[in-house]
Amino acid sequence: MTSAHVFHRFTSARPPIATHGEGIYLFDAEGRRYVDACGGAAVSCLGHAHPEIAAAVAEQVAKLEYVHTGFFTSEAAEELADTMAEMSPGLERVWFTGSGSEAIEAALKLARQYHLERGDIGRSRVITRRQSYHGNTLGALAAGGSVWRRAPYEPLLIEVPEIDTCFEYRFAEPGETAEAYGRRAAQALDDEIVRLGPDTVIAFLAETIVGATAGAVPPAGDYLRQVRETCDRHGVLLILDEVMCGSGRTGTFLACEQYGVVPDILTLGKGLGAGYQPIGAVMCTSEVYDAVASGSGALKHGQTYNAHPVGCAAGLAVQRVIRRDRLLKRVCEAGEQLSNLLEARFANHPNVGDIRGVGLLRAIELVKDRATKAPFDPALALHQRAKEDAFERGLLIYPGGGTIDGRSGDHILLAPPYHVTDGELELIVDLLAKTLDSIL
Ligand code: PLP
């Protein structure tokens, strides 16, 4: 049954009605089956209709569906925060939100308040990166660099100083090593802080691995450690956005663990609730928390659905399954397998310029010319055509592209569930190859 009243994202087209899911598959009302190779937008890390998560959610709703954090906490919130802190050395405190965008908003406010509590009232700017996405609420949108998402709302956005993302395939000079390029990219942060005046800067905000805007781009060389050191030198907080790449997607609970870096503040979402409930989180160090706790005593922020007990129960059940089934190990193995399959199929493809990613966050970038890395005309919206063709074949992929002033190609992001089998990975890459054959 369809309604004439739902405001769909693409108003010209009514999407099929999804009726149910099972593991990596989704089914629509016409009985068609789709291989979900992207978990929506890197959300469904345990696949669909996982009986244990569904049971944990049902149990929590029946027991305690809601409390306002102005009155109570809940067992689920307390236990999930303990679990997350235990898995995130150096990040001791957790603030729960309802989504990734809300986590970014809270993180930005927490960073500003940290400095205020210490009497450092002149810090008012957050440096961000051009090729980044941090969410669609106005503060998060202002912090991100997604040109088409920002365009209609520019007059509503605060001005945010930006530097280029660390993006080796696009911005390294010919012959420049990853280490040398990473150093150069990190130097851009130092230069920008000095240009603005170090005591005017609140924080530097970056995705540990760039997701939606550039497509699974990991930091090059020692970039992350170098920006950590730069922030420390200038008293600037480091905020890492792991809404997409965190919660185990790269094979460690936090992606930044792989680079030996602990940020001051970190955001999570998506895979934290695996889609079974909307939940996000801000994690921070004791130092950041203590500034508030021993200062004014309250973060001047709050939303009705902070630390929702059912969201927290879902998050807790997700972590139990991930730990019990040793799924982080599986993410590493399956990530290698997916990378090998993509290399075997596309390494010599004339229109695949780059194959990249970490764990089960992988992407291919499409280019018109491999030698020059020239992208296709953005007007072709090739990534959208890829998504539509794949959809017709029963494959869900997450498309993106054309955001770096015309310098970047279209990309296709893959983020299958953590327990994906080798056979399912082969099926995904087979269907993707057919899509590329059809659209190029
Ligand atoms: N940050 C990153 C890195 C994201 O990828 C996203 C969503 O795609 C967000 C923040 C915003 O999260 P949400 O859509 O849950 O508000």
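Everything quoted here is computed from the prediction, not taken from an experiment.

Observations concerning the overall build of the protein
Logical step 1: Looking only at helices and strands, the protein features 14 helices and 15 strands.
Logical step 2: In terms of overall dimensions, the protein is globule-like: its C-alpha atoms have a radius of gyration of 21 Å, near the 22 Å expected for 440 residues.
Logical step 3: Overall, the protein is about 60 × 60 × 45 Å in size when its C-alpha atoms are taken along their principal axes.
Logical step 4: Here the protein, with 440 residues, has 50% of them falling under the buried criterion.

Overview of the packing of helix α12 (residues 327–346) against helix α14 (residues 422–439)
Logical step 1: Across the interface, α12 lies against α14 with an axial gap of 10 Å and an inter-helix angle of 30°. Here α14 runs roughly parallel to α12, going by the angle between their axes. As for how α12 packs across α14, the hand of that crossing is right-handed. Contacts between α12 and α14 involve Ala 334, Gln 337, Leu 338, Leu 341, Leu 342 and Arg 345 on the former and, on the latter, Asp 422, Leu 425, Glu 426, Val 429 and Ala 433.
Logical step 2: Here the contact of α12 with α14 is composed, by residue class, of seven nonpolar, one polar and three charged.

Some details on the site of the ligand
Logical step 1: Not every one of the 15 residues close to the ligand is listed here, only the nearest: Gly 100, Ser 101, Gly 135, Val 243 and Met 244.
Logical step 2: Here the element with the most residues in the shell around the ligand is helix α4 (residues 100–117); it accounts for three residues.
Logical step 3: Grouping the amino acids of the shell around the ligand by side-chain chemistry returns six nonpolar, seven polar and two charged.

Re the environment of Gly 280
Logical step 1: Tracing the backbone shows Gly 280 in strand β10 (residues 280–284).
Logical step 2: Judged by the 28 C-beta atoms lying within 10 Å of it, Gly 280 falls in the buried class.
Logical step 3: In the structure, Gly 280 is positioned 79 residues away from Val 201 in sequence and 26 Å away in space, judged by C-alpha atoms.
Logical step 4: Setting aside its immediate chain neighbours within four residues, Gly 280 contacts Thr 97, Gly 98, Ser 99, Gly 100, Glu 102, Ala 103, Val 243, Thr 267, Leu 268, Gly 269 and Leu 272.

Quick notes on the domain arrangement of the protein
Logical step 1: Assigned domains within the protein: domain 1 (18–49 + 326–439) and domain 2 (54–324).
Logical step 2: Of note, the centres of domain 1 and domain 2, computed from C-alpha atoms alone, are 25 Å apart.
Logical step 3: Residue-level contacts link 32 residues of domain 1 with 33 residues of domain 2.
Logical step 4: Contributions of two or more residues to the side of domain 1 that touches domain 2 are made by α1 (39–42), α12, β11 (352–358), β12 (361–366) and β15 (410–414).
Logical step 5: When residues in the side of domain 1 that touches domain 2 are grouped by element, the largest group, five residues, is from α12.
Logical step 6: Residues of the side of domain 1 that touches domain 2, tallied by class, amount to 18 nonpolar, nine polar and five charged.

Side note on the nonpolar core
Logical step 1: Grouped together as the largest cluster of nonpolar side chains are 124 residues, with contacts concentrated most on Phe 204 and Ile 397.
Logical step 2: Built from parts of two domains, this core gets at least three residues from each of domain 1 (18–49 + 326–439) and domain 2 (54–324).
Logical step 3: In contact with Ile 397, not counting residues within four places along its chain, are Ala 37, Cys 38, Ala 386, Lys 387, Ala 390, Ile 412, Leu 414 and Leu 432.

Examining the sheet that holds strand β13 (residues 395–396)
Adjacent strands of a sheet form backbone hydrogen bonds with each other and so pair up, either parallel or antiparallel.
Logical step 1: On the basis of which strands lie adjacent, the open sheet formed by four strands has the order β1-β2-β3-β13 and mixed pairing. The open sheet has two edge strands with one neighbour each: β1 (18–22) and β13.
Logical step 2: Both strand β3 (residues 33–36) and β13 contribute to a ladder of two bridges, which runs parallel. Each bridged residue has a counterpart across the sheet, and for Val 35 the counterpart in β13 is Leu 395.

Overview of the sheet that holds strand β14 (residues 398–401)
Logical step 1: Spatially, four strands are ordered β11-β12-β15-β14 in an open sheet, and the strand pairing comes out antiparallel. Looking at the sheet topology across the chains shown, the edges are occupied by β11 and β14. When strand polarity is set aside, the average angle formed by the axes of neighbouring strands in this sheet is 20°.
Logical step 2: As judged from the five bridges shared by β12 and β15, these two strands associate in the antiparallel manner.

As for the packing of helix α2 (residues 51–63) against helix α11 (residues 309–324)
Logical step 1: Orientation of α2 relative to α11, taken along the N-to-C sense of each, is 150°, at an axis distance of 9 Å. Accordingly, the angle class assigned to the pair α2 and α11 is roughly antiparallel. Considering only the axes of α2 and α11, their crossing is right-handed. On the side of α2, the interface is formed by Glu 52, Ile 53, Ala 56, Val 57, Gln 60 and Val 61, while α11 contributes Pro 309, Val 310, Ala 313, Ala 314, Ala 317, Val 318 and Val 321.
Logical step 2: Tallied by class, the residues present in the contact of α2 with α11 amount to eleven nonpolar, one polar and one charged.

Considering α14
Logical step 1: For α14, spanning 18 residues, the distance from its first C-alpha to its last is 26 Å, which sits close to the expected 26 Å at 1.5 Å a residue.
Logical step 2: Looking only at α14, the buried set comprises Glu 424, Leu 425, Ile 428, Val 429, Leu 432, Thr 435 and Leu 436. One side of α14 holds all its buried residues, which, seen down the axis, span an arc of 135°. Residues of α14 that are exposed and angled more than 90 degrees away from the buried face: Gly 423 and Asp 437.
Logical step 3: Packing partners of the buried residues in α14 comprise β3, α12, α13 (382–393), β13 and β15.

Description of the environment of Leu 116
Logical step 1: Take Leu 116: it is sitting in helix α4.
Logical step 2: In this structure Leu 116 comes out as partly exposed when scored by C-beta crowding, with 16 C-beta atoms within 10 Å.

Quick word on the pairing of β1
Logical step 1: Little of β1 is tucked away, with zero of its five residues classed as buried.
Logical step 2: Counted along the chain from β1 to the antiparallel partner strand β2 (residues 25–28), the turn is two residues long, and its residue Gly 23 has a positive phi close to 60°.

Quick word on the pairing of β2
Logical step 1: By the bridge criterion, four bridges tie β1 to β2 in an arrangement that is antiparallel. Paired with Ala 18 across the bridge in β2 is Asp 28.
Logical step 2: In terms of strand pairing, β2 meets β3 through three bridges, oriented antiparallel. Looking at β3, one finds that Phe 27 is bridged to Arg 33.
Logical step 3: Counted between consecutive antiparallel strands, the loop separating β2 from β3 contains four residues, among which Gly 31 sits at a positive phi close to 85°.

What counts as what
- Residues numbered from 1 in each chain as written.
- Predicted model: local features only at pLDDT ≥ 70, side-chain atom pairs only at ≥ 80, totals over all residues.
- Helix = DSSP H or I, 4+ residues; strand = E, 2+ residues; numbered from the N terminus.
- Rg over C-alpha atoms; globule rule 2.2 N^0.38 Å.
- Buried ≥ 20, exposed ≤ 12 C-beta atoms within 10 Å, placed from the backbone.
- Axes fitted to C-alpha atoms, helices over the stretch in contact; angles between N-to-C directions.
- Parallel < 35°, antiparallel > 145°, perpendicular 65-115°, else oblique.
- Left-handed = near helix turned anticlockwise from the far one by under 90°.
- Contact = placed C-beta atoms within 7 Å.
- Nonpolar A, V, L, I, M, F, W, Y, C, P; charged D, E, K, R; others polar.
- Near = placed C-beta within 6 Å.
- Domains from an automatic or database assignment.
- Core = buried A, V, L, I, M, F, W, Y, C linked by C-beta atoms within 7 Å.
- Pairing = 2+ DSSP bridges.
- Expected span 1.5 Å × (residues − 1).
- Arc of directions from axis to C-beta.

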